[in-house]
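# Structural characterization, general
These are the residues of each chain, in order.
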Number of protein chains: 2
Amino acid sequence: MAEASETKAPRGVRLVITLVGRTNAGKSSLLNAMTGQDVAIVSDVAGTTTDPVAKAYELLPLGPVTFYDTAGLDDTGELGALRMAATKKVLWRTDIAVVVAEAGPGLTEAERAVIADIRRLDVPFLVVFNKTDLASPPASDLAWCRDQGIRTAEASAATGQGAVAVKEAIMTLAPAEALREPVLAGDLFGEGDTVVCVVPIDLAAPKGRLILPQVQVLREILDGDAVAVTVKERELEAALGNLRRPPALVVTDSQVILKVSGDVPDDVPLTTFSTLFARYKGDLPTLAAGAQAIDKLRDGDTVLMAEACSHHVQADDIGRVKIPRWIGQYTGRDLHFEMHAGHDFPDDLERFALVIHCGSCMLGRMEMLRRIKECVRRGVPVTNYGVAISKVQGVLDRVLRPVLR
Amino acid sequence: MAEASETKAPRGVRLVITLVGRTNAGKSSLLNAMTGQDVAIVSDVAGTTTDPVAKAYELLPLGPVTFYDTAGLDDTGELGALRMAATKKVLWRTDIAVVVAEAGPGLTEAERAVIADIRRLDVPFLVVFNKTDLASPPASDLAWCRDQGIRTAEASAATGQGAVAVKEAIMTLAPAEALREPVLAGDLFGEGDTVVCVVPIDLAAPKGRLILPQVQVLREILDGDAVAVTVKERELEAALGNLRRPPALVVTDSQVILKVSGDVPDDVPLTTFSTLFARYKGDLPTLAAGAQAIDKLRDGDTVLMAEACSHHVQADDIGRVKIPRWIGQYTGRDLHFEMHAGHDFPDDLERFALVIHCGSCMLGRMEMLRRIKECVRRGVPVTNYGVAISKVQGVLDRVLRPVLR
C-alpha cells in the first residue's frame, strides 16, 4: 500500500467511485466489506427515482470519496432501460469504476458490455470477482483481463476476504490529479523574481480586505521566495517604471485587462487571476480550446451557462447578462443562452454548441475536472467565464502564453 | 442634532455611559425614557453582587453603547460602601457620565461629591435635573453649573419630556475618538509612493493565507494610491535594491525586526505591524511612555500581563513565557509576572509597577482606549506586547519615529 502521506487527497478533492455489476453480484455487500472497517458514513445524497444512490465516505488513507451503488446491469423492462441510462450518466462523472462480477459464472455479456462502455469513456476501472468463498473465477476470464491490461481483484464480501485488496487496487487507480496539490502561480516565476499583481479597488471591494484569490496568489509568491508588488491599475505604469529589473510576471484582474495589457511591455509575461484559477481549478488546455469554439458559433446555436451552485447571486449578472452580451457582440451571431445551476448537467447536453462554466469557486478541483471531462466525453466544447472573457476581449493568446508553455 | 453620518460610531466602538445619582433620582426611568423610543435591548450582562448592571443598547444615531445603571449614591452601611467602590470602578472605565439629580432638592452634597470624583477621573459628564414635572431646578444650581462649565439638561422621566435633549447632550460629549475611523498606515505615505511590507512565512502561518493585519495594511496602501511591495525578510535586501526610488515606509513583522532594521537604510522610515496596530487600537504615545517604565523596574516589582480574552491560547506563549523572559534578560531584575484575562483589571491594579496589555485583537479601539485610560487614571504605566517587544529589542525609538511625528 502506498504511504498515507503520498495518497492523502488534498482539500476539496472528492473522488467519485462507481460500482457496476449484475443484480446479484454483491455490489452493496462488497461496498460494506470495503468500508466497514475504517469508514464513517457522512451523508446520503438522495437521487431521483432512477438515479443511483450516492454515499459519502472517508476512505482512508485516500480521503473523502463518493461511492455510487448503481442498479443491476441485467435489470430489464422499461424501468431497467431508464436505470441503465442513469448508470451511464453516473459513469460520465466517475473517476474510478469498479465492475463487480460473480466469480462462479465469471464475465458474462453484461459485464463485457459495460467494460466496453467504461473504456469508451476512458474511466480507470478494475474488475472484482466477488463471492470467492463459493467459487474461483474462470481461468479464461483472468487470462482475458490480463491480455486486455485490465486490473482484477478477488474478494468475498460475505467473509470480508480480499476487501482490503480491492480498496488498495482502487487507490492505485486514483488519478494523479487527485493526489497532487495543484499549483496556482508558483511555477511561473523563480526565486528572487518580482511578480506584479494588479488589483483594482472598486466600490464593491469589501473594506479593509483583499479577495481570497488575490491573497492566495500573494502567498504563493512569498512561498516561492519572490517579491510581490501589489498595485491598482492606475499606479501600474509608475510601479513598473520604479523596478530596475522587470517583473517575471504580471497578474491582473480580468476587469482591467485592456488597460493593463497596454501598460505592460510585450516581453513581460502577463496573465489574469481568472486564468490562474482556470488552471488551478480545472483543465486549462481544454478550457482554452473550448473558448475557440466561440469563433465557430452559428446563428441559432444554444450556449449553456453552467453554474456550480444555485445560490451564487453575484454571478447572475456576469453569467446571465454580461457574457451573453459580450459573446453576442463579438460573434455578431443570433445565439440562445440557457442558464443551468446545480451538480449535474442537463440530460440533453449534446444539444448545446458550447458550455461556459462558472469559475467554480464553490467546487473542488476534482469536481471541476470531472465536469470538464463529462463535456469532453459527450463531445461538447467547454470553457469557463474567465477564459471566455479573455477570448472576447481579444487577449486570450497573451494571457495563456505564460501559463500554457 | 448632529448628522447621523457624522456621529455614527465606527465598527467595534461601544461607548460606556454611566448613570450616577441618589436612590430616588430616577436613573432607571430616565434610561427607559431615553432609550424607549428607538432602542433594542441587546443583552443583559450579569454583574457581580455589588457591581452595577450593564445594559447594551443601540442608541441611534450614535450606535452601540453600554449603559451602567449604578447603585444610589446615598446607599449607606457596609453594602453601601461596597456599592460606592463598585460605582467608582465603573467610572474608571466610563466614556461619558450622567449625574442624575432631582430638580426639586437640586445638587446636594452627594451629587457635588460624585461630580468632584468624575472630574478627577477626567470623564466627560453632564448633570440632568430630573422630575421637572414636579419642580424646576434651583436657579443657584444652574448658575453654579454654568460657572463651572458643566453641561446641564432638564428632563421628566415620568412624562418623557426632555429625554431626547438628554440623549443629544450625551452625544455631544462622545469623545472625538469614537466618531472617527482610526488610521492604520494611510497617513504615513503619499500617492504613488512605495511601501514595503516584510512578512515572514513561518511554519505556523496558515497555508494559502496572509494574516488579517497584513491584508489590512496592504489594502490601506492600495486605497492610498500607493504601491505595496510584499516580501519575506530573506528577500528584503534584494527587493529594496530593485527599487529605483526608495520606499516611503517599511513595515515589518516584529519577529524579524532585528534583521530588517539592519537591512533598511537609516533614512528609510521603518516601523512594525504591532506599532501600527498599537496606534490603530489604542493610544500609542501613552503605550510608548509606558514601555519606558521597563527601564525603571526594580527587584521585586510585579508586572501585570493583561489579556483581553481568556480563550486566546496562541498568546499564552508570548505573554506567559517570552515577554517575561525578554524583560527579565533586558532589565537584569528579579521580577514577578502575573497574568490576568478578562474584561476587567484586578481590583488592586495599583500594586503593579507596569501593565503590559495584549495586542487586543479581540477588542475594539474604544475598549482598548478605555483600558489604557483606566491605567492612567490609577497611576499605573501601561504598554502593550508589541511596543514592549520593540523596547527590549532596542528598536523602539526607530519604529516609533515614522508614527509619532
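To start, this report covers the structure provided alongside it. (Residues numbered from 1 in each chain as written. Chains lettered and ligands numbered in written order. Predicted model: local features only at pLDDT ≥ 70, side-chain atom pairs only at ≥ 80, totals over all residues. Heavy atoms only, no water.)

As a further point, take the overall build of chain A. Summing up its helical and strand segments, chain A has 15 helices and 15 strands in all. Every one of the 405 residues in chain A was classed for burial, and the buried ones make up 53%. Put simply, 77% of the contacts in chain A that link residues at least 6 apart link residues at least 24 apart. Summing over all exposed atoms, chain A offers an accessible surface of approximately 17300 Å²; the carbon and sulfur share of this is 52%. (Helix = DSSP H or I, 4+ residues; strand = E, 2+ residues; numbered from the N terminus. Buried < 20%, exposed > 50% of the residue type's maximum accessible area, 1.4 Å probe, protein only. Contact = heavy atoms within 4.5 Å. Areas by Shrake-Rupley, 256 points an atom, 1.4 Å probe, with all protein chains shown as cover.)

Glancing now at the sheet that holds strand β9 (residues 227–231) of chain A. Taken together, eight strands build an open sheet; the order of strands is β11(A)-β10(A)-β8(A)-β9(A)-β9(B)-β8(B)-β10(B)-β11(B) and the sheet is mixed. Each edge of the open sheet carries a strand with a single partner, namely β11 (270–272) of chain A together with β11 (270–272) of chain B. If you compare each strand with its neighbour and ignore which way they point, the axes differ by 25° on average. The pairing of β9 of chain A with strand β9 (residues 227–231) of chain B spans three bridges and is antiparallel. Of the residues in β9 of chain B, the one forming a bridge with Thr 230 of chain A is Ala 228 of chain B. (Pairing = 2+ DSSP bridges. Axes fitted to C-alpha atoms, helices over the stretch in contact; angles between N-to-C directions.)

With that out of the way, let us pick up helix α7 (residues 212–223) of chain B. Given a rise of 1.5 Å per residue, 12 residues ought to cover 16 Å, and the 16 Å separating the end C-alpha atoms of α7 of chain B matches this to within 8%. In terms of burial, α7 of chain B is largely enclosed, as nine of its 12 residues are buried. Of the residues making up α7 of chain B, those classed as buried are Gln 214, Val 215, Gln 216, Val 217, Leu 218, Arg 219, Glu 220, Ile 221 and Leu 222 of chain B. Looking at the buried residues of α7 of chain B, the elements they touch are α7 (212–223) and β9 of chain A together with β8 (194–198), β9 and α10 (273–281) of chain B. Asp 225 of chain B, located one to two residues past α7 of chain B, shows a positive phi value of around 60°. (Expected span 1.5 Å × (residues − 1).)

Now for the interface of chain B and chain A. Taken residue by residue, the interface counts 35 residues in chain B and 35 residues in chain A. Viewed at the interface, chain A and chain B are joined by six salt bridges. A salt bridge links Lys 232 of chain A to Asp 225 of chain B, with the nearest nitrogen and oxygen atoms 2.5 Å apart. At the boundary of chain B and chain A, one finds 21 residue pairs in polar contact (both at pLDDT 80 or more). If you list the elements that add at least two residues to the side of chain B that touches chain A, you get α7, β9 and α8 (236–241) of chain B. Of all the elements, α7 of chain B adds the most residues to the side of chain B that touches chain A, at seven residues. Considered class by class, the residues forming the side of chain B that touches chain A number 16 nonpolar, six polar and 13 charged. (Salt bridge = Lys/Arg side-chain N within 4 Å of Asp/Glu carboxyl O. Polar contact = N/O pair within 3.5 Å; in protein donor to acceptor, adjacent residues only side chain to side chain. Nonpolar A, V, L, I, M, F, W, Y, C, P; charged D, E, K, R; others polar.)

Glancing now at helix α4 (residues 109–120) of chain A. Structurally, the α-helix is built with 3.6 residues per turn, so residues lying three or four positions apart point the same way. Residue and element names in this part refer to chain A. Spanning 12 residues, α4 covers 17 Å between terminal C-alpha atoms, matching the ideal 16 Å at 1.5 Å per step. Residues of α4 that are buried include every one of Glu 111, Val 114, Ile 115 and Ile 118, and no others. Mapping the buried residues of α4 onto a view down its axis gives an arc of 110°, with all of them on the same face. Relative to its buried face, α4 has exposed residues pointing more than 90 degrees away, namely Glu 109 and Arg 120. Note on α4: the residue one or two positions beyond its end, Asp 122, has a positive phi of about 60°. (Arc of directions from axis to C-beta.)

Going through the model one piece at a time under the given rule, you end up with two aromatic pairs over all chains. A ring pair is formed by Phe 277 of chain A and Tyr 280 of chain A, whose centres lie 5.6 Å apart and whose planes are at 70°; its orientation type is edge-to-face. Taken together, the residues Phe 277 of chain A and Tyr 280 of chain A, both in helix α10 (residues 273–281) and three residues apart, mark about one turn of the helix. According to the relative accessible area criterion, Phe 277 of chain A is buried, its value standing at 14%. The exposure class assigned to Tyr 280 of chain A is buried, which follows from its relative accessible area of 16%. Residue placement shows Arg 112 of chain A over the ring face of Trp 144 of chain A; its charged tip is 4.5 Å from the ring centre. Arg 378 of chain B extends its terminal NZ or CZ atom over the ring of Trp 92 of chain B, reaching a point 3.4 Å from the ring centre. (Phe/Tyr/Trp six-rings, centres within 6.5 Å; stacked < 30°, edge-to-face > 60°. Lys NZ or Arg CZ within 6 Å of the ring centre and 35° of its normal.)

Counting residues in each nonpolar core, the largest one holds 152 residues, and the members touching the most others are Val 196, Val 355 and Ile 356 of chain A together with Val 196, Val 355 and Ile 356 of chain B. In this structure, Ile 356 of chain B is in contact with Val 303, Leu 304, Met 305, Ala 306, Ile 323, Ile 327, Thr 383, Asn 384, Tyr 385 and Ala 388 of chain B, ignoring residues within four places of it in sequence. (Core = buried A, V, L, I, M, F, W, Y, C linked by side-chain atoms within 4.5 Å.)

What relates the two chain copies is a rotation about an axis together with a slide along it. Between chain B and chain A, the superposition needs a rotation of 179° and an axial shift of 0.1 Å, giving an RMSD of 0.1 Å. What the superposition gives is, in effect, a two-fold axis relating one chain to the other. Distance from the rotation axis, computed per C-alpha, reaches its smallest value in chain B at Val 229 of chain B: 2.2 Å. Looking at chain B, 100% of its interface residues are interface residues in chain A too, so the copies touch through the same face. (Least-squares fit on C-alpha atoms with pLDDT ≥ 70 in both.)

Residue and element names in this part refer to chain A. In contact at an axis separation of 8 Å, α10 and helix α13 (residues 365–377) are set at 85° when each is read in the N-to-C sense. Taken together, the axis directions place α10 and α13 in an arrangement best described as roughly perpendicular. Of the residues in α13, those in contact with Arg 279, Tyr 280 and Lys 281 of α10 are Arg 365, Met 368 and Leu 369. (Parallel < 35°, antiparallel > 145°, perpendicular 65-115°, else oblique.)

Moving on, we get to the side chain of Asp 193 of chain B. Relative to the elements of secondary structure, Asp 193 of chain B occurs in the loop between α6 (163–173) and β8. Separated by 2.7 Å, the side chain of Asp 193 of chain B and the backbone nitrogen of Gly 190 of chain B make a polar contact.

Residue and element names in this part refer to chain B. A complete count under the given rule lists 41 salt bridges over all chains for this structure. Put simply, Asp 141 and Arg 112 hold a salt bridge, and the shortest N to O gap is 3.0 Å. A residue pair is termed long-range when its members are at least 10 positions apart, and Asp 141 in helix α5 (residues 139–148) and Arg 112 in helix α4 (residues 109–120) qualify at 29 residues. By relative accessible area, Asp 141 is classed as buried at 5%. Salt-bridge contacts for Asp 263 lead to Lys 259; the nearest nitrogen and oxygen are separated by 2.7 Å.

All names here are of chain B. Taken in spatial order, the four strands line up as β13-β12-β14-β15 in an open sheet, and their pairing is parallel. Whereas interior strands pair on both sides, the edge strands pair on one side only; in this sheet they are β13 (336–341) and β15 (382–384). Going across the sheet, the axis of each strand differs from the next one's by a mean of 25°, ignoring polarity. Where strand β12 (residues 302–307) lies against β13, six bridges are found, and the strand directions are parallel. Directly across from Met 305, in β13, lies its bridge partner Met 339. In the packing of helix α13 (residues 365–377) onto the sheet, contacts are made with β12, β14 (354–357) and β15, and the angle to β14 comes to roughly 170°. Each of β12, β13, β14 and β15 touches helix α14 (residues 385–392); the most contacted strand, β15, lies at about 90° to it.

Don't take any of this as a statement about function, it's just geometry.
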